[in-house]
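The primary structure of each chain is shown beneath.
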Amino acid sequence: MLDALVAWQVQELEAGGGDFRPVPRPNLHVTLAFLGWWPAERVEEVTETLRRRAGRIEPPVFTARRYRETRSVGMVVLSEDRGASRLAYGLQRDLLGEVERRPWLPHVTVVRFRSRPRLEPQLPDLPPFRTSDAAVYHSVLRPAGAQYEVLETVALGGS
């Protein structure tokens, strides 16, 4: 799936030129919950919460649904998976104390930009894909782009 997304980025995004940066392959992921800034001493709490909740769901299956842009990123929006939605909302509730007002939107961020390019790419030709694990990331936005470090990986479905 990642190889297909990267090939699509080259074909549909980079070919058109523009002032934007495709997200590198190692940084492509589906975000379950964005926690913002957390102190390092609370990372274990995040990991334990993810481990406890992740064991309760089967590995989710996603398909590409549409391309969407916000003010600073372009994303491939994915189909909803009930188990993944329960996991995302459970993490928000347990770690943030509430569920965000906006519904969780399963997506993969594929491009970052300073000014919205208003791209209209064809959707990537992705077969339905299953995710087998979830990770706790430390992310830092830098001038050259986001930098991600995987702190812990947890299997979904207790496997």
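Up top is the structure these notes are about.
From a predicted model like this one, the values you see are computed outputs, not experimental measurements. (Residues numbered from 1 in each chain as written. Predicted model: local features only at pLDDT ≥ 70, side-chain atom pairs only at ≥ 80, totals over all residues. Heavy atoms only, no water.)

1. Some words on the pairing of strand β8 (residues 145-155)
Then, number 1: Strand direction decides the pairing type here: strand β7 (residues 133-142) and β8, joined by 10 bridges, are antiparallel. Residue pairing across strands places Asp133 opposite Ala155, the latter belonging to β8.
Then, number 2: Taking the residues that link successive antiparallel strands as the turn, the β7-β8 hairpin has 2 residues. (Pairing = 2+ DSSP bridges. Helix = DSSP H or I, 4+ residues; strand = E, 2+ residues; numbered from the N terminus.)

2. Digging into the pattern of salt bridges
Then, number 1: For the coordinates displayed, the defined rule picks out 7 salt bridges.
Then, number 2: Here Glu69 and Arg116 are joined by a salt bridge, their closest N and O atoms 3.3 Å apart. Highlighted residues: Glu69 in strand β3 (residues 64-69) and Arg116 in the loop between β5 (107-113) and β6 (129-130), separated in sequence by 47 residues.
Then, number 3: Residues participating in the shared-partner salt-bridge network are Glu48, Arg51 and Glu152. (Salt bridge = Lys/Arg side-chain N within 4 Å of Asp/Glu carboxyl O.)

3. Considering the side chain of Gln92
Then, number 1: Locating Gln92 in the fold gives a position in helix α3 (residues 82-96).
Then, number 2: On the basis of relative accessibility, which here comes to 3%, the residue Gln92 falls in the buried class.
Then, number 3: Excluding residues that lie within four positions of it along the chain, Gln92 makes contacts with Leu32, Ala33, Gly97, Glu98, Val99, Glu100 and Trp104. (Buried < 20%, exposed > 50% of the residue type's maximum accessible area, 1.4 Å probe, protein only. Contact = heavy atoms within 4.5 Å.)

4. Observations regarding the sheet that holds strand β1 (residues 20-22)
Then, number 1: Overall, antiparallel pairing links the 4 strands, which are arranged β1-β5-β4-β3 in an open sheet. Of all strands in the sheet, those bounded by a partner on one side alone are β1 and β3. Between one strand axis and the next, the sheet turns through 25° on average, direction left out of account.
Then, number 2: In this structure, β1 lies alongside β5, joined through 3 bridges in antiparallel fashion. Among the inter-strand pairings, Pro22 is bridged to a residue of β5, identified as Val111.
Then, number 3: Sheet strands in contact with helix α1 (residues 2-13) are β1, β3, β4 (73-78) and β5, and its direction is about 40° off that of β5. (Axes fitted to C-alpha atoms, helices over the stretch in contact; angles between N-to-C directions.)

5. Quick notes on the environment of Ser115
Then, number 1: With respect to the helices and strands, the residue Ser115 is situated in the loop between β5 and β6.
Then, number 2: Classification of Ser115 by relative accessible area gives partly exposed; the value is 47%.
Then, number 3: Remark: the alpha-carbon pair of Ser115 and Gly157, spanning 42 residues in sequence, is separated by 40 Å.

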